[in-house]
Amino acid sequence: MALGWWHRCCCRCAGSSRAAWLAGSGRALGSSANGGGKQRLAVGPAAPAWKAEAAASRRRAGANGGHVGMNRPDFLGRSSALSMLKIHSIFWRFHHTTLQLHSCGTAVSDEKYKDPFKLGRKDLNNLYEDIKKELWVSTTELKEMCEYYFDGKGKAFRPMIVVLMARACNFHHNNTGEVQASQRSIAVIAEMIHTATLLHDDVIDDANSRRGKETVNQIWGERKAVLAGDFILSAASLALARIGSATIVSVITCVIEDLVHGEFLQLGSKEKENERFAHYLEKTFKKTASLIANSCKAVSILGCPDPDVHEIAYQYGRNIGIAFQLIDDVLDFTSCSDQLGKPTSADLKLGIATGPVLFACQQFPEINAMIMRRFSLPGDIERAREYVLQSHGVQQTTYLAQRYCHKAMREISKLRPSPERDALIHLAEIVIARDK
């Protein structure tokens with residue numbers, strides 16, 4: 001598989017573990033601190049060295065069934081800051097550069113990284129029990145449906161980010177790292193909103209498995225699954241109102257709006273090739289990253305009055321959320337169903353073209369016709385999958401995810417050093433390295 005030569009090559013070049021390489025490979029994908037501004041690429045190796053490396057890498061790719069096309073059109077559109085040509089120009093030199101993260105003039109070292117899951121666990125004790133208290137209902141069937149995914153077997157990825165961000169922002173503001181009750185409520189609400197969207201998504205996608213077990217819609221039916229999702233959202237709204245802040249209500253309700261818009265974006269498609277990637281990234285933000293970004297912003301507002309800190313929290317959540325979904329889209333091609341806990345090639349079966357497919361289009365233009373018909377003809381899904389695995393679509397999507405992770409690391413490094421801040425930095429490595 002194409003991913004194999006990439007991993008071997010990078011391991012040889014880095015001369016250390018994959019995690020160390022990920023932490024040290026981002027300067028070529030530098031960006032402005034503000035995610036809304038123009039992004040720029042840092043200077044890489046001199047042209048002759050780059051060309052020599054490109055040729056060597058092409059030979060390695062050819063030996064392992066890969067394909068390289070150096071002359072590719074820009075298909076990201078003017079609204080996207082990263083063009084295909086830019087991505088390809090950095091493709092070969094990316095892992096030969098070094099990322100240095102600075103905060104308050106001090107570089108963050110590997111030794112100072114903290115395990116985010118261990119640090120976040122102390123604030124997430126009884127998380128699912130607290131959620132079930134919010135979901136108290138007298139109807140037995142509705143209770144079972146609503147509590148079905150709150151079984152303690154999830155990663156609690158979003159609540160963990162929220163409580164770590166709360167502690168990091170609190171410490172930055174007043175040297176107190178304790179999580180306020182209102183901030184922990186945001187973590188609970190974030191997990192409730194996320195789970196409600198899973199129920200709705202499974203109905204829309206007609207999914208039959210989630211987290212290694214049958215979906216709610218398969219067991220109780222689609223209509224009841226939708227109602228259960230609605231009930232969880234209503235319970236989350238009540239918990240949000242109890243915080244007593246109109247500002248926080250405004251921030252979190254943006255998430256609901258984005259989720260609906262994101263689903264509509266996913267149901268649609270762009271006929272023009274140069275608009276598809278911008279469409280894909282916008283959908284990715286609204287469906288996945290908005291919840292993380294706005295939840296991080298909410299806890300920063302509750303813990304610190306500085307608008308600059310609010311923006312740091314938002315941008316960290318935005319970038320880590322997009323990276324998380326990009327890797328999810330990669331795993332849809334590279335992992336097995338048992339690892340993911342859900343079927344692979346799920347997006348292709350739904351007629352959705354994700355990052356690996358869109359990148360693969362540049363080497364295999366025949367995929368464009370499949371995208372337009374949403375992979376509806378017999379054999380489309382199988383051919384598209386083969387094209388993706390023969391192309392550099394998986395690697396380039398991974399590199400793009402790394403880019404977003406490095407932006408997140410640069411943002412959070414602006415806060416004062418603390419174990420939670422360093423854990424959020426380390427989390428970016430975990431997002432890239434995950435395999436399920």
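Since the model is a prediction, treat every value here as computed from it, not as a measurement.

Asks: An account of the overall build of the protein chain is needed here, citing residue identities and associated values.
Replies: If you tally the helices and strands in the protein chain, you get 21 helices and 4 strands. Looking at the protein chain residue by residue over its 436 residues, the buried ones come to 56%. Across the protein chain, the fraction of contacts at a sequence separation of at least 24, relative to all contacts at a separation of at least 6, is 76%.

Asks: Help me get a handle on the environment of Gly229, residues and values and all.
Replies: Relative to the helices and strands, Gly229 resides in helix 11 (residues 222-242). Residues in contact with Gly229, not counting those within four places in the same chain, are Ala196, Leu199 and His200.

Asks: Explain the packing of helix 8 (residues 157-174) against helix 21 (residues 419-433) to me, using residue names and the numbers behind them.
Replies: Packing of helix 8 against helix 21 brings their axes to within 8 Å, and their N-to-C directions diverge by 150°. In terms of orientation, helix 8 and helix 21 fall into the roughly antiparallel class. Where helix 8 abuts helix 21, its residues Phe157, Met160, Ile161, Leu164, Met165, Arg167 and Ala168 lie against Glu420, Arg421, Ala423, Leu424, Leu427 and Val431. Of the residues belonging to the contact of helix 8 with helix 21, the class tally is 10 nonpolar, no polar and 3 charged.

Asks: Tell me about helix 20 (residues 393-412), residues and numbers included.
Replies: With 20 residues, helix 20 extends 29 Å from end C-alpha to end C-alpha; this agrees with the ideal 28 Å at 1.5 Å per step. Helix 20 sits mainly inside the fold: 19 of its 20 residues count as buried.

Asks: Could you give an account of the side chain of Gln183, with specific residues and numbers?
Replies: Of note, Gln183 is situated in helix 9 (residues 181-205). Setting aside residues no more than four positions away along its own chain, Gln183 makes contact with Val162, Ala166, Asn170, Glu178, Val299, Leu302 and Gly303.

Asks: Tell me about the environment of Ala239, residues and numbers included.
Replies: Inspection of the secondary structure assignment puts Ala239 in helix 11. For Ala239 and Ile189, which are 50 residues apart along the polypeptide, the C-alpha to C-alpha distance reads 7.0 Å. Every residue in contact with Ala239, bar those within four places of it in the chain, is listed here: Glu134 and Ile189.

Asks: Talk me through the nonpolar core; I want residue IDs and the actual numbers.
Replies: Core analysis: the largest hydrophobic core is formed by 106 residues, its most contacted members being Ile161, Met165, Ile186, Tyr316, Ile320, Val357 and Leu424. The dominant element in this core, judged by the number of residues it contributes, is helix 14 (residues 307-334), at 14 residues. With near-sequence residues (within four places) excluded, Tyr316 lies in contact with Ile161, Met165, Ala408, Glu411, Ile412, Leu424 and Leu427.

Asks: Outline unusual backbone geometry, supporting the account with residue identities and numerical values.
Replies: Although it is not a glycine, Arg374 sits at a positive phi angle of roughly 55°. Secondary-structure assignment places Arg374 in the loop between helix 18 (367-372) and helix 19 (380-390). Residue classification places Arg374 among the partly exposed positions, given a relative accessible area of 25%. With a phi close to 55°, Phe375 is a non-glycine residue in the positive phi region. Residue class for Phe375 comes out buried when judged on its relative accessible area of 5%.

Definitions and cut-offs
- Residues numbered from 1 in each chain as written.
- Predicted model: local features only at pLDDT ≥ 70, side-chain atom pairs only at ≥ 80, totals over all residues.
- Heavy atoms only, no water.
- Helix = DSSP H or I, 4+ residues; strand = E, 2+ residues; numbered from the N terminus.
- Buried < 20%, exposed > 50% of the residue type's maximum accessible area, 1.4 Å probe, protein only.
- Contact = heavy atoms within 4.5 Å.
- Axes fitted to C-alpha atoms, helices over the stretch in contact; angles between N-to-C directions.
- Parallel < 35°, antiparallel > 145°, perpendicular 65-115°, else oblique.
- Nonpolar A, V, L, I, M, F, W, Y, C, P; charged D, E, K, R; others polar.
- Expected span 1.5 Å × (residues − 1).
- Core = buried A, V, L, I, M, F, W, Y, C linked by side-chain atoms within 4.5 Å.

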